[in-house]
Amino acid sequence: MSKIIIRSCSEDTTRERILKSAILRFSAHSYEATGLRDLAADVGVDISYVHRCFGSKENLFREAIRAVAQPERLFGGDGEDLGDDLAKEILAKKDGNEVRPLDIIIHSFSSPDASRVLHDLLLADFIAPLTRKREGVSDRQAALIAGFMMGVGILKDVIGAEPLLGSERALVEIMARTIEEILSGGSADPCRDGPSKSFTEKQSR
């Protein structure tokens, strides 16, 4: 698993410096409390340059989460060990300077603007690639897995629930089995209300 450690680098472009500053600020402050003017000041550029690079605060927020989530890495394997991979992703020990998607997400749940971005990212970067990776898995099953992972992540990294601290193999196996049980329903998912199109099919209409 690739860890996202945010450090300044002399080879960073100005755009990369802005994105790193955004990741750090969004992981420590709410969406509403993070201003583009502050980000511009962090990097030493005019706010108009931030707008030229990212277009809007929503776009910058989206790119900050994608940079730490790396959805292409999360679903880059063959899908055979998907439950195990997702369990390890949530239960891995967090380094001191590491930033994870949940660090950003938990600060911005209450923001309507941020929630719209989070909704779109959930569909495009988690549900859609998961259902493509495992044939027969419904959008609802994928969303249940996302909710399960987020709940465990909050208990572990935000609340600090002792039974979830550490990534010993037994804990990974329990979580992986649970994820696989959700996945195993396939097209016979009893929660589905009759035939429905997947998110990717809806987007192609």
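Remember, predicted model here, so these are calculated numbers, not experimental data.

Asks: Mind showing me how you'd approach a nonpolar patch on the surface here?
Replies: Judged by side-chain polarity, Leu155, Val158 and Ile159 come together as a nonpolar surface patch covering roughly 270 Å² of accessible area. Its place among the elements puts leucine 155 in helix α9 (residues 139-159).

Asks: Got a minute to help me understand helix α6 (residues 82-91) in this structure?
Replies: Because each turn of an α-helix spans 3.6 residues, side chains separated by three or four positions end up pointing in the same direction. Where burial is concerned, most of α6 is hidden: eight out of the ten residues are buried. Buried within α6 we find Leu82, Gly83, Asp84, Leu86, Ala87, Glu89, Ile90 and Leu91. Where α6 is buried, its residues meet α5 (71-74), α8 (112-133), α9 and α10 (169-183).

Asks: Could you clarify how one ought to interpret the packing of aromatic side chains in this entry?
Replies: Aromatic ring pairs: the centre-centre distance and the angle between the two ring planes describe each pair. The full count for this structure, using the stated rule, is four aromatic pairs. Here the aromatic rings of phenylalanine 26 and tyrosine 31 are separated by 6.1 Å at their centres, their planes lie at 10°, and the arrangement is stacked. Looking at phenylalanine 26, the relative accessible area reads 0%, which means it is buried. Residue class for tyrosine 31 comes out buried when judged on its relative accessible area of 3%. Ring plane angle 80° and centroid distance 5.1 Å describe the contact between tyrosine 31 and phenylalanine 61, whose orientation is recorded as edge-to-face.

Analysis parameters
Residues numbered from 1 in each chain as written. Predicted model: local features only at pLDDT ≥ 70, side-chain atom pairs only at ≥ 80, totals over all residues. Heavy atoms only, no water. Patch = residues over 30% accessible without salt bridge, like charges linked within 9 Å, V, L, I, M, F, W, Y side chains within 5 Å. Areas by Shrake-Rupley, 256 points an atom, 1.4 Å probe, with all protein chains shown as cover. Salt bridge = Lys/Arg side-chain N within 4 Å of Asp/Glu carboxyl O. Helix = DSSP H or I, 4+ residues; strand = E, 2+ residues; numbered from the N terminus. Buried < 20%, exposed > 50% of the residue type's maximum accessible area, 1.4 Å probe, protein only. Contact = heavy atoms within 4.5 Å. Phe/Tyr/Trp six-rings, centres within 6.5 Å; stacked < 30°, edge-to-face > 60°.

Bear in mind that shape data such as this cannot, by itself, settle questions of function.
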